[in-house]
Amino acid sequence: MMPYCFPSDPQDLYPGAPELQLHIIEPHQSLCFGDINVLPIRIKHDNMLILGYRFGRFAYITDMKSIDDSEYIYLNGVETLVINALRFEKPHHSHQLVADAIRVARRIGAKRTYMIHVTHEIGFHDEANKRLPKGIQFGFDGMKIEI
């Protein structure tokens, strides 16, 4: 994808290109970054398999259209969920809608859910939040949450 960073001959490395080392990430195989344990979860973006991530009782899932039933076991005990919700209406081929995200959050049993990766079609933040059930709200730029 970035031939200037990964040339077939290391002598051809583009001047100033970062020196990168690839690491393969596999679903359900924990990773550790310092003292942070990360569990990749398999989700789908349209029909393409991609990854969401669980960090203890926090999960970050974006660009998702669907999740297989078998993946929910890896999300048991998640209390805070950040998940995509493109808009309220008009289905999209690769992203879920608000109602879909609410169903996923409820199935996971998250106490707090923040919807991200939204379009302008959501409307004004305060008004849009009034349409959501308790414990679910839209995120915003610069938002900080404590987990």
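Residues numbered from 1 in each chain as written. Predicted model: local features only at pLDDT ≥ 70, side-chain atom pairs only at ≥ 80, totals over all residues. Heavy atoms only, no water.

> What is the right way to look at the pairing of strand β2 (residues 36-45) in this model?
When strand β1 (residues 31-33) meets β2, the two strands line up antiparallel, connected through three bridges. Looking at β2, one finds that L31 is bridged to V38. In the sheet, β2 pairs with strand β3 (residues 48-55) via seven bridges, with the strands oriented antiparallel. By the bridge assignment, R42 is partnered in β3 with L51. Linking β2 back to β3 in an antiparallel pair, the connection comprises two residues, with D46 at a positive phi of about 60°. (Pairing = 2+ DSSP bridges. Helix = DSSP H or I, 4+ residues; strand = E, 2+ residues; numbered from the N terminus.)

> Help me out: how do you make sense of the packing of aromatic side chains in this one?
To describe a pair of aromatic rings, one takes the distance between the centres and the angle between the planes. In the structure shown here, the tally under the stated rule is two aromatic pairs. Between the aromatic rings of F55 and F58, the centroid separation amounts to 5.9 Å while the plane-to-plane angle is 40°, which identifies the pairing as tilted. When the ring of F88 is compared with that of F138, the centres are 6.0 Å apart and the planes differ by 80°; the resulting orientation is edge-to-face. Note that F88 is positioned in the loop between β5 (80-84) and α1 (98-108) and F138 in strand β7 (residues 136-138), a separation of 50 residues in sequence. For the pair formed by F88 and F138, the shared burial category is buried. In this arrangement the basic side chain of R107 is found over the ring face of Y72, its NZ or CZ atom lying 3.9 Å from the centre. Its end group placed over the ring of F88, R131 keeps NZ or CZ at 3.6 Å from the ring centre. (Phe/Tyr/Trp six-rings, centres within 6.5 Å; stacked < 30°, edge-to-face > 60°. Buried < 20%, exposed > 50% of the residue type's maximum accessible area, 1.4 Å probe, protein only. Lys NZ or Arg CZ within 6 Å of the ring centre and 35° of its normal.)

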